[in-house]
Structures are given as structure tokens and as C-alpha cells.
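Coordinate analysis (summary)
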Amino acid sequence: MTETQLDIAKIRKDFPILTRKVNGNPLVYFDNAATSQTPRQVIDTIVEYYSRYNANIHRGVHALAQEATEAYEEGRKKIQQFFNAAHTHEIIFTSGTTHSINLVANGFTSLLKKGDEILVSAMEHHSNIVPWQMLCERTGSTLKVIPMDTDGVLKMDDYKKLLSRRTKLVVCNHVSNALGTINPIEEIIPLAHAVGAAVLVDGAQSSPHLKVDVQKLDVDFYTASAHKLCGPTGIGMLYGKQDWLKKLPPYQGGGEMIAEVTFEKTTYADLPYKFEAGTPNICGGIAFGAAIDYLNSIGLEVIDAYEHELLAYATEKLSRIEGMQFYGTATRKTAVISFNIKGIHPYDVGTLLDKMGIAVRTGHHCAQPVMDFFQIPGTIRASFSFYNTKEEVDRFVEALVKARQMLT
Ligand SMILES: *Cc1c(COP(=O)(O)O)cnc(C)c1O
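Residues numbered from 1 in each chain as written. Predicted model: local features only at pLDDT ≥ 70, side-chain atom pairs only at ≥ 80, totals over all residues. Heavy atoms only, no water.

The condition is simple: UniProt positions are given in the numbering used here, feature names are shortened, and annotations may be inferred rather than shown by experiment.
Per an unreviewed UniProt entry, the recorded name for the chain is Cysteine desulfurase, and the organism is Muriicola marianensis. According to the UniProt record, the Catalytic activity (unreviewed entry) comment for the chain reads "(sulfur carrier)-H + L-cysteine = (sulfur carrier)-SH + L-alanine". What UniProt records for the chain under Function (unreviewed entry) is the sentence "Catalyzes the removal of elemental sulfur and selenium atoms from L-cysteine, L-cystine, L-selenocysteine, and L-selenocystine to produce L-alanine."

Have a look at this one:
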């Protein structure tokens, strides 16, 4: 597949922010793993909502409330289809992946006991570590780590050895935000199920790049954040198998999530509303749907192929820079390049790149255990999206060469 399949010039016109200048230079945005940029189609959806039918949902009989409710539930349906969930009520709107994971971790409080074990991969984002540590504190269960090798690949033999009847949960990201590794969840999930454990997959980094089929994967819980797939911040989703979602208690109490309330007893609403207390991010849910429409209009396969072209191109160019050290060299990875240049602090490189209009992330990327593993304070991370170009990669490489000369 070649670049010609994507009309990059046309796509770039959809993203108003890409015409911006930063410190006098045209912006090169390579921080897509932190948050993606928003196309005009999604921005228009947000403007239209607040201009034409802003109303609270599910309760009102008036026209605006009905229009808003319909659009919000349409958003849920788009998400269901995007991840191929069996039912719309298996899609819970959350504020993002962090909220989704906390919802599940909280729900397991009454299901775990002392001696139970939760397995977590060595390359998790803090939001897929800390809620499980808190759950372990509440229940007396133990957190165990599935180790990785120096390429940033999980050691599957060690994983198999860690699995036992004590294992109640296995939690893992589909794609590592710090390294770009695509984890073999299609192997991880059935192995966990064989010992009776449930599996939560953090899909924050995979959902913008890979086609995910939650039924085919047979995953119990899957998460996504809209802001990483061209949608707005503050909205995301939790997919949960119907049986699990019925089993878990509500996360928060309030309006929307009830069937009936008296001072003696409250009964809860059916799925998905049981987990959606309070007025939700209505506009966000609608815009999440618009973002999915946008990605579908290009096609995830085309996006994936083009991003891999950028990854190969950039990796080859970067490897010619003296002192280059890559972290995360798995054969299966997304377009994320984590690296350091020998003798230079990543923060200094990031600051100089910013002066040249180039946005990358530096630091631990909310994955301190990954940095500890490689015994480094942090990395420079360039993460590409389908609206990036090879010319931008060239500018990035030139800027890095310049930064290196200035700092050594
Ligand atoms: C971004 C990210 C998260 C956190 O997502 P939020 O949108 O901040 O809740 C979790 N895990 C991974 C792998 C991520 O990339």
C-alpha cells in the first residue's frame, strides 16, 4: 500500500490546527499518542449541538431533549459498531479510559478476596496500574507483573507460568503508549479464560489505529478515549460483556442510574444507564460518534498502512543520527518512536524542538515502570497520525540533528 491511497493534502485541510505556527514555524504535531487533533467535521458537530439542540437527555418531552437524546444514543450505536459489540447496552459512556478502568476496578471490590491475584503487564500506563493497586489494598489481593524483554515484548512463557486458579483478572494494554508495542491479546485472552480469569484490555492506543472486534477477541472489558481518535476530551467508553456488566455493582450513585428511589430502598436502572450517573457529556458522546464517522470515512486499514509507512521512513532516518537509542523495538508496533540521544537529556531536546515548532512528548509518558526497566529518566516520543507527512519527518530529523549539535 502506498501513500497515494490517502489524499494527505485534502485530509490536512480537515484539521484547522495544522495551519498554525508555533514559535514562528509551521506546526509539526508528533504528539498524537497524548491526544489527537480534531477535524472540522467533529468541531462542526460540537458547534451545531450547542447552537441548535443543547438540552438534557432522556427526561424531556420537548423537541430539543428528544433530538439530543437521539443523537447521543446514535453516538453509542456508532461506537458499538466500531468495536463490533453485540449490544448497544454493552457500551458505557465514561470520561475516558482512566474512568473506564476505575469503574471496573471498583466493581471488582466485592468479587475479590485475600489470596486472589491480578496480573498486569510490565508496560502499562499508570491508569492501568494504580486502580488495581487500590483494588488490591481494598481486598487483600495481590498484583503480579507479566515481564517484558528489552525489545518491549511481553514474555509469554512467564505469563503462562503466572496464570493459576488464583488469577481473577488479567489487565493489559492492547498497544503501549510508551513503546508502541502491539500486545498479543488474541493469545493473552484465551489463556486467562482457561483459568477462569476475566480480561480487561486498555484500548486507548489501539483504537485509533487498529480494527478491534471485541466479540472475536472474546475480551471481557475494553476501553477507549475519544480524544485519542480525533474526538474531544472528557468522553470515552467502556465495553463490557453483558454478563459482567450485570454482575458489577454501580460505580456512582445519582440521577439517570436509578429505576426507583425511596428513602428505604433504591433499585438501579438497566444497562447501560446503571453506570451512567448524572448528566453525561452529551455533546461529547455525539462528537465521539462524529469522530468515528470521520475515521471510518478514511478507513482504519488505510490509516494503519500509511502510518506504518511513516514509521518505517522515520525509523530509518532517525537511526542514522549518532548516539540514537530506540526503546520499543517490537516487530509488531504502531507508529510510536521512543528514543534518546546519547548524552542528552530528553527534556532539553523537547524544548529545542518546540522552539522549531515541533511538538513531541518527553518524559516518562505516564509509564514510570517502563522507564525504570530501561533505567532511564524518560524518552523523547514521536507519535504519528495519518495527517502527518514525510516532509514533517524530514523537518523533525533535521531539527534533531541541529539540537544534537547544540547540546553536545
Ligand atoms: C492515554 C492513555 C490512557 C489514559 O487515557 P485518558 O484518556 O487519559 O483517561 C491509558 N492507557 C493508555 C495506553 C493511554 O495511552
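Resuming the write-up.
1. Notes on the packing of aromatic side chains
Threshold: Here a pair means two rings of Phe, Tyr or Trp (six-membered ring of Trp) with centres within 6.5 Å. Their orientation is stacked below 30 degrees between planes, edge-to-face above 60, and tilted elsewhere. The helix and strand labels rest on DSSP assignments: H or I over at least four residues marks a helix, E over at least two residues marks a strand, and numbering proceeds from the N terminus. Residue burial is assigned from relative accessible area. The probe radius is 1.4 Å, only protein chains are included, and a residue is buried under 20% of its type maximum, exposed over 50%, and partly exposed in between.
One pass over the structure, following the stated rule, counts 18 aromatic pairs. Where Phe15 meets Tyr387, the ring centres are 4.5 Å apart and the plane angle is 45°; that geometry is what we call tilted. Remark: Tyr387 occurs in the loop between strand S17 (379-383) and helix H14 (390-407) and Phe15 occurs in the loop between helix H1 (8-13) and strand S1 (21-22); sequence separation between them is 372 residues. Overall, Tyr387 belongs to the buried group, its relative accessible area being 0%.

2. Considering the domain arrangement of the chain
Applicable threshold: The start and end points of each domain follow an automatic or database-based domain assignment. In this description, contact between two residues means that some pair of their heavy atoms is separated by no more than 4.5 Å. Simply put, the buried area is the total loss of 1.4 Å probe accessible area from both parts when two parts are fitted together. Here a salt bridge means any side-chain nitrogen of Lys or Arg lying within 4 Å of a carboxyl oxygen belonging to Asp or Glu. As used in this structure description, the phrase polar contact means that two N or O atoms lie within 3.5 Å; if the pair is within protein, one of them must be able to donate a hydrogen and the other to accept it, and residues adjacent in sequence are counted only when both atoms belong to side chains. The nonpolar class holds Ala, Val, Leu, Ile, Met, Phe, Trp, Tyr, Cys and Pro. Asp, Glu, Lys and Arg form the charged class, and all remaining residues, Gly among them, are polar.
Each assigned domain of the chain is listed with its residue range as follows: domain 1 (3-30 + 300-407) and domain 2 (43-297). Measuring from the centre of the C-alpha atoms in domain 1 to the corresponding centre in domain 2 gives 28 Å. Contacts between the two partners involve 31 residues from domain 1 and, on the opposite side, 32 residues from domain 2. The three residues of domain 1 that bury the most area against domain 2 are Leu300, Arg332 and Thr334, which together make up 26% of that side's buried surface. For the pair domain 1 and domain 2, the number of links is 1 salt bridge. The closest approach of N and O atoms between Arg332 and Glu186, which form a salt bridge, is 3.4 Å. In this structure, the connection of domain 1 to domain 2 is made through 13 residue pairs in polar contact (both at pLDDT 80 or more). Residue assignment for the side of domain 1 that touches domain 2 shows that the elements contributing at least two residues are helix H11 (300-318), strand S14 (336-341) and helix H13 (368-374). Along the lines of polarity and charge, the residues of the side of domain 1 that touches domain 2 split into 17 nonpolar, 7 polar and 7 charged.

3. Re the side chain of Asp31
Within the secondary structure, Asp31 sits in the loop between strand S3 (28-29) and helix H2 (40-53). Not counting the four nearest positions on each side in its chain, Asp31 is found in contact with Ala359, Val360, Arg361, Arg381 and Ser383.

4. Observations concerning the pattern of salt bridges
All chains considered together, the criterion is met by 19 salt bridges. Between Arg76 and Glu276 there is a salt bridge, with its nearest N and O atoms 2.8 Å apart. Here Glu276 lies in the loop between strand S12 (266-268) and helix H10 (282-298) and Arg76 lies in helix H3 (residues 63-83), a separation of 200 residues in the sequence. The closest approach of N and O atoms between Asp116 and Lys168, which form a salt bridge, is 3.6 Å. You can see Asp116 sitting in the loop between helix H4 (97-107) and strand S5 (117-121) and its partner Lys168 sitting in strand S7 (residues 167-173), a full 52 residues away along the chain. Using a relative accessible area of 3% as the deciding quantity, one classes Asp116 as buried. Linked through salt bridges whose partners overlap, the residues forming this network are Asp31, Arg361 and Arg381.

5. Observations concerning the sheet that holds S14
Our working rule: Any two strands are treated as partners once DSSP identifies two or more bridges connecting them. Axes here mean lines fitted to C-alpha atoms, for a helix over just the part in contact, with angles spanning 0 to 180 degrees between N-to-C directions.
Strand order in the open sheet formed by 4 strands is S13-S14-S17-S16, and the pairing between neighbours is antiparallel. Both edges of this open sheet fall to strand S13 (324-327) and strand S16 (361-363), since each of them pairs with a single strand only. With strand direction ignored, the average angle separating the axes of adjacent strands in the sheet is 30°. Here S16 pairs with S17 via 3 bridges, running antiparallel. Bridging from a neighbouring strand, Thr362 pairs with Ile380 of S17.

6. Quick look at the environment of Ala226
If you trace the backbone, Ala226 turns up in the loop between strand S9 (221-225) and strand S10 (236-240). Sequence separation of Ala226 and Gly140 is 86 residues, and the distance between their C-alpha atoms is 34 Å. Among residues more than four places away in sequence, those in contact with Ala226 are Gly231, Pro232, Ile235, Gly236 and Phe288.

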